[in-house]
Amino acid sequence: FNLNVKAPYFLTQGLLPALTRSKGNVINISSYFAHRMLPNRATTVYSATKGALNSFTKALAFEVGHLGVRVNAIAPGSISTPQFNRNLQALTAEKQAAFQTMVKEIYPLQHIGTAKDIAQAAVFLASENASWITGTILAVDGGFFSNLTEKIINTDNVTHGVNVEVGKEQVAVDLNIVVEYQKNV
């Protein structure tokens, strides 16, 4: 909580006069864990703090936009860092292979990102090329977050429903009951 919520809040508060004078930018680092979980990963607190950071980003963008300050966040996917690579190398060969298979299945670009990918997104958000962008949580994740298709697998008892489009699929949604569904992960 201190690192993911308090630090950005107090840092931004302390720098706001300078940001206002320079018409500067705040770029927070969020996570896809604010919106999406992975099996067998306990992330309740981390996810809650990143969700709070996303809300902070959007609310602050609204509050300081009239001062010429833009506020955005980057939500990276898995990034190849020294720590990430150490953690990966600590896995058994079988688990490393399973991880590589998972990456190919859940990342449309079929690989994890690099620190350079995140840096380039930050440079873009801070640039004049992004002068009309504020309050955005930019997913820099190789398409991971776009892979959120939900499929209804049992529509026999749908009596008060509507059809909605999820991705490229038409999905029946019951307005009265929860129907079985399968997350396409």
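Quantities reported herein were computed from a predicted structural model and do not represent experimental measurements.

Caption draft 1: Spotlight on the sheet that holds strand 2 (residues 70–76). The sheet built from three strands is open, its strands ordered 1-2-5 with parallel pairing. Looking at the sheet topology across the chains shown, the edges are occupied by strand 1 (25–29) and strand 5 (137–140). Shown here is a sheet whose adjacent strand axes are inclined to one another by a mean of 25°, direction ignored. When strand 2 meets strand 5, the two strands line up parallel, connected through four bridges. Counterpart to Ile74 in the pairing with strand 5 is Leu138. Strands in contact with helix 5 (residues 115–126) are strand 1, strand 2 and strand 5; relative to strand 2, the strand with the most contacts, it is inclined by about 165°.

Caption draft 2: Just the packing of helix 3 (residues 82–89) against helix 4 (residues 93–106), in detail. Interhelical geometry of helix 3 versus helix 4 gives an angle of 125° and a closest axis separation of 9 Å. The orientation of helix 3 relative to helix 4 falls into the category oblique. Side by side, helix 3 and helix 4 meet where Phe84, Leu88 and Gln89 of the first sit next to Gln96, Phe99 and Gln100 of the second. Residue composition of the contact of helix 3 with helix 4, by class: three nonpolar, three polar and no charged.

Caption draft 3: Main features of the packing of helix 1 (residues 2–22) against helix 2 (residues 44–64). Two numbers describe how helix 1 lies on helix 2: the axes approach to 8 Å, and their chain directions differ by 20°. On the basis of the axis angle, helix 1 is roughly parallel to helix 2. Crossing hand, helix 1 versus helix 2: right-handed. Along the contact surface, helix 1 presents Asn4, Val5, Pro8, Tyr9, Thr12 and Leu16, while helix 2 presents Tyr46, Thr49, Lys50, Ala52, Leu53, Phe56, Leu60 and Val64. In the contact of helix 1 with helix 2, the residues fall into ten nonpolar, three polar and one charged.

Caption draft 4: Focus on helix 4. For helix 4, built from 14 residues, the straight-helix expectation of 20 Å at 1.5 Å per residue is met to within 8% by its first-to-last C-alpha distance of 20 Å. Looking at the buried positions of helix 4, the neighbouring elements they touch are helix 3.

Cut-offs and rules
Residue numbering note: each chain is counted from 1, following its sequence as written. In keeping with the model being predicted, local features are shown solely for residues with a pLDDT of at least 70 and side-chain atom pairs are shown and tallied solely at 80 or more, while totals for entire chains, interfaces and linings include all residues. Side-chain descriptors were evaluated using all non-hydrogen atoms of the structure, hydrogens and water having been removed beforehand. If DSSP finds at least two bridges between two strands, the strands pair. Secondary structure is summarised from DSSP: a helix means a run of H or I of at least four residues, a strand means a run of E of at least two, and numbering begins at the N terminus for each. For every element, the axis is a line fit to its C-alpha atoms; helices are fit only across the contacting stretch, and the angle between N-to-C directions ranges from 0 to 180 degrees. Whether two residues touch is decided by their heavy atoms; if any such pair falls within 4.5 Å, the residues are in contact. Orientation labels follow simple angle bins: below 35 degrees gives roughly parallel, above 145 gives roughly antiparallel, 65 to 115 gives roughly perpendicular, and whatever is left gives oblique. Only Asp, Glu, Lys and Arg are considered charged, only Ala, Val, Leu, Ile, Met, Phe, Trp, Tyr, Cys and Pro nonpolar, and every remaining residue, Gly among them, polar. Should the near helix be turned anticlockwise from the far one by less than a right angle, the crossing is left-handed, and should it be turned clockwise, the crossing is right-handed. Helix span, as expected, comes to 1.5 Å for every residue beyond the first.

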